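# Secondary and tertiary structure notes
What follows is the residue order along each chain.
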Amino acid sequence: MNGTRRNAGCWFETTCADAWSNSGVAGTWFGEQRRRTEWHPYARTMLSSGTGIWAGELDGLVGRDPTLAGVQELLDTGSRTAVVLGIPGSGKTAVLTVAARAAGVAGTRVVFLTCHASERDLPYGLLVDLLTSLGGESILERVVPHATDGLPCDPLRLRLDVLEHLEHLGDEHPLLLVLDDVQWCDDTSLSVLGFVAHRLTGSRVSILAAARGEVPPAVLTSHPQVGLGPLGESEARALLRMAGVELSAMTLPSVLDRAAGNPLALLELGRAAVDHSLHGVVPSSVEGAFGEQIARCPAGTRRTLLLLAACDGDLGALARVVDADRLLEDLEPAETAGLIRVTNRTAGFRHPLARAAAYSSGTSAERLRAHALLAEAYDDDPARQVWHRAEATVGPDESVARALAQAGDLAEHRSAPSEAARLLRRSAELSPTRAAREERLLRSAVLSSSAGDFAWVVEVAGRLRDRSEDPAIAIQAGQLAAYALAQTGQTRAARTAVEDVLAELIEAQPVAAWSTLTTLAVLVYRNGEDSGSLARWLERFERATDGLPTPSPELDAAARAWTRMAVDPLLPAPEVLMLVREAPVPQGDHLVFAAVHEMMLGAAAWLLDAPDHGLARLGRSVDLMRRANAPGAMTQTLSALGLVQFAVGDYDAADESGRLMLDLAEARNLGTAANDGLDMRAKVAGIRGDAERARELCERILQELGVGEYVALEANVRVTLSWARLAEQDVQGAWDELRLLFDHDGVPTHVHVAYRELGHCVSTAVRAGARSEAEPIVARAAERLTDAGPRYRLQLARARALLAGEDAEPLHLAAVTDPAATQWPFELANARLEYGGWLRRRRRQTHARAQLLPALATFERLGTRAWADLARSELRAAGIAATEPPAGVSAWIELTGQERQVVRLAASGMTNREIAAALYLSPRTVSTHLYHAFPKLGVSSRAQLRDVAEAHSE
């Protein structure tokens with residue numbers, strides 16, 4: 001079976017009579033999932049009448065019609081995903097069954113899949129079933145077990161391909177995926193389906209899931225939830241009557257009280273109460289009622305039920321360890337009692353609590369023997385075999401530990417880090433030596449980090465860091481703990497952890513410490529304070545490594561360059577600029593090595609105000625990571641690349657970088673990268689005047705940030721919110737946001753972010769009538785920025801000009817005539833707008849127009865509407881009736897950023913599939929973007945796109 005499951009879904013078009021008999025009034029359905037080519041005549045009648053097919057009474061379901069009505073509405077609208085929640089026995093499966101029956105009657109293709117507790121650790125178990133059911137063989141090849149040779153599975157590409165496949169099926173026929181007991185779904189499948197569920201809006205694909213408890217799995221928390229509360233007393237009595245459970249006046253109140261409105265408890269406790277062997281005594285729990293039923297079964301039946309519970313009803317496996325005739329004989333009493341139902345090669349328990357009772361009915365020794373037998377049965381399924389071997393093992397056993405570790409290697413190669421981490425964790429528990437335990441536990445922590453389980457990583461890595469006698473293990477654990485702390489937003493704690501590691505590395509392995517030092521540099525930049533400590537560490541490591549041979553001199557040089565720039569982002573650093581300009585790309589087969597080199601030099605170029613070099617280096621880093629099939633390492637590069645793209649006014653590309661960051665972050669559970677992606681997309685929305693969108697994205701960021709933990713991001717959010725306020729013509733509100741970038745003495749909260757927005761801050765303060773508040777900011781900036789790079793010179797000249805009054809012209813001229821200013825078109829256009837306004841107020845209309853017209857053209861090209869409106873207003877005051885942008889420009893602006901990206905690539909001759917691969921989209925999404933863009937642009941073929949794209953090249 002190769003790690004796949006046994007309950008692969010299919011067309012689910014059942015008749016009302018079938019549904020009634022299969023669902024049962026207890027709220028559990030054990031019917032066989034099967035193909036049907038015709039509908040029952042009654043079903044056709046109900047469909048033609050257009051009413052009633054979602055009524056629970058058709059399936060003997062009491063008291064859930066309001067719930068079903070809500071589920072129907074949710075599946076047809078919005079995100080097209082809904083989650084049914086409730087305690088065991090509340091009727092979740094029954095609600096899913098009615099929904100599946102009703103959707104099938106209405107002509108929807110329904111795939112019904114159930115998750116099992118014993119398969120929680122099998123990578124892609126649910127996804128394999130889904131793809132098998134829906135003809136996704138080409139995708140299936142990437143997730144079924146295979147040798148660890150070749151390239152690993154790309155998590156993002158896999159998710160996009162699954163999404164494309166489902167959307168394609170939905171285009172052909174409405175599709176509903178029904179997923180029961182998702183609390184037992186393997187993490188990797190659930191992550192894929194969560195990614196898909198977030199992107200179903202506008203498609204004809206819906207997902208209905210059910211989970212135990214009050215909170216769904218994390219990947220589904222953003223979707224609508226339907227809770228199943230207890231039945232009222234009248235509904236409870238009706239349920240008992242419908243089930244034919246007749247209770248005496250003395251017994252009924254006890255059953256109602258103990259069941260507390262739980263449908264399953266009502267029926268099972270009621271049935272137990274009327275059983276003559278119990279003399280009317282009501283069991284204390286539903287599982288107890290099932291346990292009493294099992295206890296009355298023959299010994300052979302109890303043993304077989306224990307085996308059945310351990311393998312979740314896989315009769316094929318059971319038949320390998322139990323004689324076939326004896327197997328059927330042993331199961332017959334349980335089937336007669338209604339504890340199980342046998343169909344095809346599986347035996348389903350009446351309820352998961354019945355399975356739990358069967359499993360717990362045996363002694364510890366009997367359960368161990370059961371798993372040992374099943375391990376033999378699964379000799380053709382290594383994933384299940386090793387799991388059962390582990391369950392049958394109590395003490396240390398290197399052979400089992402090694403097998404678990406090998407299974408973890410395979411799961412890791414299949415990009416299933418959660419399952420791989422659990423396998424390694426169990427391997428560590430069974431390892432007989434301390435060295436093996438620590439090595440495997442560290443690997444488990446690394447994999448858990450890849451899976452986004454950072455809280456566990458901090459705990460375990462911290463324990464290894466403090467207790468391991470192996471210095472290498474301790475150092476690696478410390479680095480891992482620091483990374484996990486940073487990913488959870490605990491920047492200060494992460495910084496302390498990194499510095500602890502550096503203190504050991506400088507003594508033990510100084511040459512190997514540069515990557516850790518760059519991590520400290522990133523944390524210092526994020527936090528925005530005490531770069532002096534970073535400078536001291538840099539000096540210490542330069543002394544410690546002076547003259548020592550290094551295996552990667554190019555990478556070390558790039559690491560030093562990035563670290564040096566993080567010490568003081570305002571310092572021009574000519575030697576770093578020379579390296580950024582001239583350092584060759586490392587050659588060889590190590591593409592990731594070269595990609596990291598380009599990433600660090602590109603990030604240094606961004607801080608050095610060398611955007612051309614930044615774009616080239618960072619773009620090359622992204623390309624190298626794509627070629628190395630290492631998109632997981634791409635998020636930091638995309639974060640820096642997006643900032644450079646935004647700075648040079650390529651807002652479409654910046655938005656696309658943000659979108660890709662978010663997709664990668666979701667596929668790999670990277671919280672910090674997700675916030676950086678949200679920030680980038682919020683920036684583009686804010687500066688282009690989409691205030692509602694920008695505010696919504698910023699609020700999502702602020703909800704996740706700890707105060708003072710990521711100061712750079714907090715500052716960026718405030719700038720974005722100021723743009724949103726200006727788009728709404730709320731100048732005072734915009735200044736209220738920007739004043740938070742500086743204290744009352746003009747000291748910036750984050751020197752790099754605040755001073756990059758100096759001109760914007762002062763312009764907004766002047767418009768808000770807060771000139772006096774801006775003066776100390778500019779005074780202190782003049783001290784700090786005199787010898788800074790060209791972008792800071794532009795910002796300082798703008799800021800000083802805005803406060804200089806009649807003496808402002810030389811400062812305005814310095815801002816608009818600096819040749820370097822053309823690298824930052826939005827800032828140059830603002831400098832022209834401010835200078836033109838100054839000239840206009842002095843009645844120098846001709847000179848004013850010479851500044852205002854190019855400013856307007858830039859704002860229109862960039863799509864920054866609020867600033868374009870300001871430029872038009874100034875031009876009207878200067879005697880020119882500025883009109884709205886020409887039709888062609890207006891049409892181009894009306895495209896979404898991603899539509900413009902797709903149009904540009906289509907105009908270059910790329911196919912939809914090539915565009916999809918380049919942008920990490922599905923081909924269907926590319927096709928949809930072109931479908932929407934053609935009429936907006938007034939074109940009817942791809943051949944016409946080239947002229948359109950060239951006319952609006954940026």
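These numbers were taken from a predicted model, which means no experiment stands behind them. (Residues numbered from 1 in each chain as written. Predicted model: local features only at pLDDT ≥ 70, side-chain atom pairs only at ≥ 80, totals over all residues. Heavy atoms only, no water.)

## Concerning the overall build of the protein chain
To be explicit about the condition: By definition, any uninterrupted DSSP run of H or I lasting at least four residues is a helix, any uninterrupted run of E lasting at least two residues is a strand, and each is numbered from the N terminus. This radius of gyration counts C-alpha atoms alone. The globule rule is 2.2 Å times how many residues there are, raised to the power 0.38. Note on contacts: a residue pair is in contact if any heavy atoms of the two residues lie within 4.5 Å. Here the accessible surface of atoms and residues is derived via Shrake-Rupley with a 1.4 Å probe, and residues count as covered only by protein chains that are part of the display. Positive charges come from Lys and Arg, negative ones from Asp and Glu, while His and the chain ends are left out of the count. Charge placement uses NZ in Lys and CZ in Arg. For Asp and Glu, CG and CD serve respectively.
For the protein chain, the helix and strand inventory stands at 49 helices and 7 strands. Its C-alpha radius of gyration of 33 Å places the protein chain within 12% of the 30 Å reference for a compact globule of 954 residues. With the principal axes as the frame, the protein chain shows a C-alpha extent of 105 × 70 × 55 Å. Restricting the contact set of the protein chain to residue pairs at least 6 apart, pairs at least 24 apart contribute 69%. Accessible surface for the protein chain amounts to roughly 38,100 Å². Of this, 52% is attributable to carbon and sulfur atoms. For the protein chain, the distance from the average site of its 98 positive side-chain charges to the average site of its 122 negative ones is 2 Å.

## Here's the deal with the pairing of strand S7 (residues 346-349)
Keep this limit in mind: Each residue's exposure class comes from its accessible area (1.4 Å probe, protein chains only) as a fraction of the maximum for that residue type: buried when under 20%, exposed when over 50%, partly exposed otherwise. Strand pairing is assigned whenever DSSP identifies at least 2 bridges connecting the two strands.
Only one face of S7 is buried: it carries Ala347 and Phe349, and the other face, with Thr346 and Gly348, is open. As judged from the 4 bridges shared by strand S6 (residues 340-343) and S7, these two strands associate in the antiparallel manner. Among the inter-strand pairings, Arg341 is bridged to a residue of S7, identified as Gly348.

## Side note on the confidence of the model for the protein chain
How we decide: Across the chain, each position has a pLDDT score giving the predictor's confidence in that residue, from 0 to 100.
Across the protein chain, the average pLDDT comes to 85, with 90% of residues at or above 70. Here residues 1-51 scores under 50 on pLDDT; set against residues more than four positions off or in separate chains, the count is 135 contacts.

## Comments concerning the environment of Ala855
Mapped onto the secondary structure, Ala855 falls in helix H43 (residues 845-862). Under the relative-accessibility criterion, Ala855 is labelled buried at 0%. A sequence separation of 19 residues divides Ala855 from Gly836, and the C-alpha atoms of the two residues are 9.0 Å apart. Setting aside residues no more than four positions away along its own chain, Ala855 makes contact with Ala829, Arg832 and Leu833.

## Here's the deal with the pattern of salt bridges
Test applied: One speaks of a salt bridge when a side-chain nitrogen belonging to Lys or Arg is within 4 Å of a carboxyl oxygen belonging to Asp or Glu.
Tallied over the entire structure, the rule returns 58 salt bridges. A salt bridge links Arg271 to Glu268, with the shortest nitrogen-to-oxygen separation between them at 3.4 Å. Here Arg271 pairs with Glu268, and both are found in helix H11 (residues 263-274), just 3 residues apart, close to one helical turn. In this structure, Asp869 engages Arg872 in a salt bridge whose closest nitrogen and oxygen atoms are separated by 3.0 Å. Residue Asp869 and its partner Arg872 are both found in helix H44 (residues 865-877); the two are separated by 3 residues, about one turn of the helix.

## Here's the deal with the nonpolar core
Threshold: Put simply, buried Ala, Val, Leu, Ile, Met, Phe, Trp, Tyr and Cys residues joined by side-chain atoms within 4.5 Å make one nonpolar core.
One finds Leu517, Leu758, Leu785 and Phe859 to be the most contacted residues of the largest nonpolar core, which totals 145 residues. Residue contributions to this core peak at 10 residues, all from helix H29 (residues 591-607). In this structure, Leu517 is in contact with Leu502, Leu534, Trp537, Leu538, Phe541 and Thr563, ignoring residues within four places of it in sequence. Judged by nonpolar contacts, the second largest core, of 52 residues, contains Cys153, Leu166, Ala401 and Leu404.

## Things to note about helix H31 (residues 635-647)
For clarity, the cut-off: The span expected for a helix works out to 1.5 Å for each residue beyond the first.
Between its first and last C-alpha, H31 extends 18 Å over 13 residues, near the 18 Å set by a 1.5 Å rise per residue. Where H31 is concerned, the buried positions are Thr635, Thr637, Leu638, Ser639, Ala640, Leu641, Gly642, Leu643, Val644, Gln645, Phe646 and Ala647. Backbone geometry just downstream of H31 places Gly649 in the positive-phi region, at approximately 85°.

## Notes on the state of the cysteines
We count it as follows: The term disulfide is used for any two cysteine sulfur atoms that are within 2.5 Å.
For the structure shown, the criterion picks out 0 disulfides. The thiol sulfur of Cys115 is not disulfide-bonded, and the nearest other cysteine sulfur, from Cys185, lies at 4.2 Å. With no disulfide partner, Cys297 has as its closest neighbouring cysteine sulfur the one in Cys311, 17 Å distant. Exposure remark for Cys297: the relative accessible area of 7% places this residue in the buried category.

## Remarks on helix H46 (residues 897-907)
Among the 11 residues that make up H46, 9 are buried, leaving the element largely enclosed by the rest of the structure. Listed in full, the buried residues belonging to H46 are Gly897, Gln898, Glu899, Arg900, Gln901, Val902, Val903, Ala906 and Ala907. Where H46 ends, the next residue or the one after it, Gly909, has phi of about 105°, a positive value.

## Regarding the sheet that holds strand S2 (residues 109-114)
Applied cut-off: A fitted line through C-alpha atoms represents every axis, and for helices the fit uses only the stretch in contact; the resulting angles, taken between N-to-C directions, go from 0 to 180 degrees.
Pairing within the open sheet is parallel, and its 5 strands lie in the order S2-S3-S4-S1-S5. The open sheet is flanked by S2 and strand S5 (225-227), the only strands paired with a single partner. Along the sheet, successive strands turn relative to each other by an average axial angle of 15°, direction set aside. Across 5 bridges, the pairing between strand S3 (residues 175-180) and strand S4 (residues 205-212) is parallel. The residue bridging Val178 from the neighbouring strand is Leu208, located in S4.

## Considerations on the packing of helix H9 (residues 233-242) against H11
When two helices pack together, their arrangement is captured by the angle between the axes and the distance separating the axes. How we decide: By definition in this entry, angles of less than 35 degrees are roughly parallel, angles greater than 145 are roughly antiparallel, angles of 65 to 115 are roughly perpendicular, and the rest are oblique. By convention the crossing between two helices is left-handed if the near helix lies anticlockwise of the far one by an angle smaller than a right angle, and right-handed if it lies clockwise. The residue classification treats Ala, Val, Leu, Ile, Met, Phe, Trp, Tyr, Cys and Pro as nonpolar and Asp, Glu, Lys and Arg as charged. All others, Gly included, are polar.
Two numbers describe how H9 lies on H11: the axes approach to 10 Å, and their chain directions differ by 50°. The angle between H9 and H11 places the two elements in the oblique class. Between H9 and H11 the crossing geometry is right-handed. Contact residues: Ala236, Leu239 and Leu240 in H9; Pro263, Leu266 and Leu267 in H11. Its residues assigned to classes, the contact of H9 with H11 comprises 6 nonpolar, no polar and no charged.

## Overview of a negative patch on the surface
Selection criterion: For patch building, the residue pool is restricted to those with more than 30% relative accessible area and no salt bridge; the joining distance is 9 Å between like charges and 5 Å between nonpolar side chains (Val, Leu, Ile, Met, Phe, Trp, Tyr).
A cluster of acidic residues, Asp323, Asp325, Glu329, Glu332 and Glu335, forms a negative patch on the protein surface. Structurally, the position occupied by Asp323 is in the loop between helix H14 (315-318) and helix H15 (324-336).

## Quick look at the packing of aromatic side chains
Note the threshold: Ring pairs shown here join Phe, Tyr and Trp side chains whose ring centres sit within 6.5 Å, with only the six-membered ring taken for Trp; geometry is labelled stacked below 30 degrees between planes, edge-to-face above 60, and tilted in between. Put simply, a charge is over a ring when the Lys NZ or the Arg CZ is close to the ring centre, within 6 Å, and near the line of the ring normal, within 35 degrees.
Inspection of every chain in the model, using the stated rule, returns 10 aromatic pairs. A centroid spacing of 4.9 Å and a plane angle of 40° characterise the contact between Phe646 and Tyr651, whose relative ring orientation is tilted. Tyr651 matches Phe646 in its accessibility class, with the two residues each being buried. Feature note: the residues Trp514, Trp537 and Phe541 constitute an aromatic cluster, connected by ring pairs. Above the ring of Phe195, the side-chain terminus of Arg199 is found at 3.5 Å from the ring centroid. The ring of Trp456 has Arg425 lying over it, and the distance from NZ or CZ to the ring centre is 3.8 Å.

## Side note on the side chain of Ser449
Among the secondary structure elements, Ser449 is positioned in helix H21 (residues 434-450). With sequence-adjacent residues up to four places away left out, Ser449 is seen in contact with Phe454, Val457, Leu480 and Tyr483.

## Here we look at unusual backbone geometry
Of note, Ala573 is a non-glycine position whose phi angle comes to about 50°, a positive value. Of note, Ala573 is situated in the loop between helix H27 (553-567) and helix H28 (574-582).

## Things to note about the packing of helix H22 (residues 454-467) against helix H23 (residues 471-487)
As a packed pair, H22 and H23 sit with axes 8 Å apart at the nearest point and diverge in direction by 155°. What the angle tells us is that H22 and H23 run roughly antiparallel. Seen along the crossing, H22 lies across H23 with a hand that is left-handed. On H23, the residues touching Phe454, Val457, Val458, Ala461, Gly462, Leu464 and Arg465 of H22 are Ile473, Ala474, Ala477, Gly478, Leu480, Ala481, Tyr483, Ala484, Leu485 and Gln487. Here the residues of the contact of H22 with H23 sort into 13 nonpolar, 3 polar and 1 charged.

## Quick look at the side chain of Asp161
By the element assignment, Asp161 lies in helix H7 (residues 155-172). For Asp161, a relative accessible area of 13% translates into the label buried. Beyond its immediate stretch of four places on either side in the chain, Asp161 contacts Ile139 and Arg142.

## Here we look at the environment of Ile915
Structurally, the position occupied by Ile915 is in helix H47 (residues 912-919). As a C-alpha pair, Ile915 and Gln636 span 279 residues in sequence and 23 Å in three-dimensional space. When near neighbours in sequence (up to four residues on either side) are disregarded, Ile915 contacts Val902, Leu905, Ala906, Met910, Val926 and Arg942.

## Describing the environment of Trp867
Here Trp867 is to be found in helix H44. Linking Trp867 and Asp312, residues 555 residues apart in sequence, is a C-alpha distance of 64 Å. If we skip the residues at most four places from it in the chain, Trp867 touches Ile687, Trp723, Leu726, His760, Phe826, Asn830 and Phe859.

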